[in-house]
Amino acid sequence: QKEVEQNSGPLSVPEGAIASLNCTYSDRGSQSFFWYRQYSGKSPELIMSIYSNGDKEDGRFTAQLNKASQYVSLLIRDSQPSDSATYLCAVSHILTGGGNKLTFGTGTQLKVEL
Amino acid sequence: DAMVIQNPRYQVTQFGKPVTLSCSQTLNHNVMYWYQQKSSQAPKLLFHYYDKDFNNEADTPDNFQSRRPNTSFCFLDIRSPGLGDAAMYLCATSLGLVNEQFFGPGTRLTVL
C-alpha cells in the first residue's frame, strides 16, 4: 500500500509569516512529487512540482525534496489570507497501462490570520 | 485558454437513477482520469484512459463505468447511485508520461 502522510492541521500562521507544510511518503520508487492547493468546495490546483532532490522556488513558494528521507515540503513565504486553503501532497508513480497515478495525502489545512 | 471542463457542476439524482457526468479538455492531453473525492478525504482514482486504453482501479465498484469517444471527451456513468456515491467527481488530464495532472472544476453529486 503506497501511502502519503500529511498533518491535517489546521496550521495557523500570521499574515506575512512563512508557512511550512510537510509530507512523507512510503514508496521509495516514486519519482515525481506535487503540491496542489484546494479551496473549500473547489478542485485541486497544481502549484508546484518537483522531481529531484533539493529546492525548487517559484515566486513565494519553495518545494523541498529529500528522497533519502522520503520527505517533501512546501514553504510559503509572506503568507497571505488568500493562501488559506487545504494543501494536498501528491506522489506519482507510472502505471503499467500508461499515464501515472497520483497518490494524495489527505491534506493540511492552512489558515493565514490577519 | 486551454482547460478542463466538467458538466454539470452540480448534479442531483435519486437513489438508483443512472447519472452521467462529462469532461472535456482543450489541452490535447492523451490521458484522462476520473477521481472521487469525499469530504475531508484525499481524491481517489477510479480509472483512467491512456489514449483509447481503459484502465480500471482494482477497488472501483462495477457501478462505475466510463467512456471516451474521442481525445477530447470522457464520461463517467454511475449505473445505480447509492447514498455512498455522493461526492465530488474530478476529471484530470495529463500528457503521456509528463506527470503533471490538471483538474477540471469538478461535479458535485448529491444522491437523494
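What this report covers is the structure whose coordinates are included nearby.

Cut-offs used in this document
Residues numbered from 1 in each chain as written. Chains lettered and ligands numbered in written order. Predicted model: local features only at pLDDT ≥ 70, side-chain atom pairs only at ≥ 80, totals over all residues. Heavy atoms only, no water. Helix = DSSP H or I, 4+ residues; strand = E, 2+ residues; numbered from the N terminus. Buried < 20%, exposed > 50% of the residue type's maximum accessible area, 1.4 Å probe, protein only.

## Here's the deal with unusual backbone geometry
Cis geometry is adopted by the peptide bond preceding Pro10 of chain A, which originates at Gly9 of chain A and carries an omega value of 10°. Note that Pro10 of chain A resides in the loop between β1 (4-6) and β2 (11-14). Asn7 of chain B connects to Pro8 of chain B through a cis peptide bond whose omega is -10°. Locating Pro8 of chain B in the fold gives a position in the loop between β1 (4-7) and β2 (10-13). Not every positive phi belongs to a glycine, and Ser40 of chain B is a case in point at roughly 60°. Secondary-structure assignment places Ser40 of chain B in the loop between β4 (31-37) and β5 (44-50). Positioned with a positive phi, Asp51 of chain B is a non-glycine residue whose angle comes to about 55°. Assessed through its relative accessible area of 39%, Asp51 of chain B is described here as partly exposed.

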